[in-house]
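The chain contents come next:
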Amino acid sequence: MKIHAVAFLCTAALLGGFVSCGGGTSPARREVPEVAVHVEPLPGDTLMLGYIGSVTVRDSLLFLVDYGRAGQADALVQLYSYPALRPLCRFVSRGKGPNETLGISGYVVDDDSVRVFTMVAPRMFVYGLADLVRGTRLPARVIPYPEECGEAAGFCRTDSGFVFGSFSDESTGRIVQIDSLGSVVGRYYSIPYRPEDVEQLGGAPGNMIPYLWQATVAAAGETVVFGTKLGDVLEIYNLRDSTRNRVVRGPDGPPEVKRDGQSFIFGLKKGYRDLKIVGDRIYALYRYERQSEEDEAESAEENKMSVLRVFDFDGNWLKSYVLDRPLGCFDMLADGRMVVAGDPTAEYQLCTFTLPD
């Protein structure tokens, strides 16, 4: 992405973001055990998928968002039986009507419902799980939220409500907490960048910092985890105890930019693709991909594969599972070992693998 250079004003509020967050910042360990894992295709009626952006398995049901066909499809989320992968229903109607939306921040699957948070005209759609299995596509409830929630990303559940990431305005808080009734409960924490992360921007506008540090999000209990999409930084936050916050800068470094004449190139590299929290472990799907001088992705073999990194809540990097396919999303089943994932480069994108003991 290129943006024309404009005047860059370094304000006191921006400088305030340089402080380390809560429990502090730590470099990731490089001496991490690696285990090679083979990924198998998952057969089923999924040939016509465009680009799987997220996947969730709950008991005998599988939910996925097909971003590649979101612009043409009449609904944004697909429901399948699992493991047979028989299509059951498409829901979250695409459009501008009262029960429709043009984009979603994410969804949460509960015991008896599915909650979907929309981005434009922010609302929470609540669907009955039994209704969806029967093929009913209309939400049982539609709850409006303030306009400030309109650029939400990574909608997740916590013990005290729901959260999502805000990547449009660094000054208002990186984590937004909401309730189920239509209100914003609080905003927490700022982007954990350092002075050198801003210095590289030179004359680029300061509001590009939130864009550079956009992240994939996961939550469980009162822990919220961010993984930068354009760099190698994992952020671990606790909504109740900030002393437990951790920021882990990995070996591939934070998001960066490059000057090209009077313009700046953003998104020089890719990083975290998806996150899940299972028990006391954080599973982080990482695929390093860097742009070459010709502004094309490097073709090195290591750029084509994915790594499933495992961290504890203290930010210790415990293990890496090196996968032989370039995955874009995943979900871990209740046994904590079997994984269902999406490979956007494959003819049949859904795939699976089992983590060794």
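Residue indices follow the written sequence of each chain, beginning from 1 at its first position. For this predicted model, a pLDDT threshold of at least 70 governs which residues receive local features, and a threshold of 80 or more governs which side-chain atom pairs are given and counted, while totals over whole chains, interfaces and linings are taken from all residues. To obtain the side-chain values, all non-hydrogen atoms of the structure were used and water was disregarded.

Looking now at the overall build of the protein chain. Strands here are runs of E lasting at least two residues and helices are runs of H or I lasting at least four, both read from the DSSP assignment and numbered beginning at the N terminus. Helix and strand content of the protein chain: four helices and 29 strands. Here's how the labels work: a residue is buried when its accessible area is under 20% of the maximum for its type, exposed when over 50%, partly exposed in between, all with a 1.4 Å probe on protein chains only. Among the 357 residues that make up the protein chain, the fraction classed as buried is 54%. We call two residues in contact when some of their heavy atoms are within 4.5 Å. Pairs at least 24 residues apart make up 51% of the contacts formed inside the protein chain by residues separated by at least 6 positions.

This brings us to the pairing of strand 7 (residues 75-81). Within strand 7, seven of the seven residues are buried, which leaves it mostly tucked inside the rest of the structure. With five bridges connecting them, strand 6 (residues 61-66) and strand 7 associate as antiparallel partners. Bridging from a neighbouring strand, V65 pairs with V77 of strand 7. Note: two strands are recorded as paired if DSSP finds a minimum of 2 bridges between them. Linking two consecutive strands that pair antiparallel, namely strand 7 and strand 8 (residues 87-93), is a turn of five residues; a positive phi of about 55° is found at L85 within it.

Further remarks concern the sheet that holds strand 27 (residues 329-332). Strand order in the open sheet formed by four strands is 4-29-28-27, and the pairing between neighbours is antiparallel. The open sheet has two edge strands with one neighbour each: strand 4 (40-41) and strand 27.

This brings us to the packing of aromatic side chains. Pairing of aromatic rings covers Phe, Tyr and Trp, the last through its six-membered ring, and needs centres within 6.5 Å; plane angles under 30 degrees mean stacked, over 60 mean edge-to-face, and all others mean tilted. Taken as a whole, this structure holds 14 aromatic pairs when the rule is applied. Seen from their ring centres, F226 and Y237 are 6.0 Å apart, and the 85° between their planes marks the pair as edge-to-face. You can see F226 sitting in strand 18 (residues 223-228) and its partner Y237 sitting in strand 19 (residues 233-238), a full eleven residues away along the chain. On the basis of relative accessibility, which here comes to 0%, the residue F226 falls in the buried class. Every member of this aromatic cluster is reached through a ring pair, and the members are F63, F91, Y107, F125 and Y127. Definition used: whenever NZ (Lys) or CZ (Arg) falls within 6 Å of the ring centre and also within 35 degrees of the ring normal, the charge is taken to sit over that ring. Above the face of the F330 ring, K276 is positioned so that its terminal group lies 5.0 Å from the ring centre. Over the ring of Y286 we find R309; its NZ or CZ atom is 3.8 Å from the centre of that ring.

With that settled, the discussion passes to the environment of F162. By the element assignment, F162 lies in strand 14 (residues 161-166). C-alpha of F162 to C-alpha of V176: the two residues are 14 residues apart in sequence and 8.4 Å apart in space. Excluding anything up to four places from it in sequence, F162 contacts R115, M124, F155, C156, R157, V176, Q177, I178, D179 and S180.

Every residue is assigned a pLDDT by the predictor, reflecting its confidence on a scale from 0 to 100. Per-chain confidence: the protein chain averages 83 in pLDDT, with 83% of residues scoring 70 or above. When mean pLDDT is compared element by element in the protein chain, strand 18 scores highest at 97, while helix 1 (residues 12-15) scores lowest at 27. Confidence drops under a pLDDT of 50 for residues 1-22, and excluding neighbours within four residues, the segment shows 51 contacts in the predicted structure. Across residues 297-302, where pLDDT falls below 50, the model places nine contacts with residues more than four positions away in sequence or in other chains.

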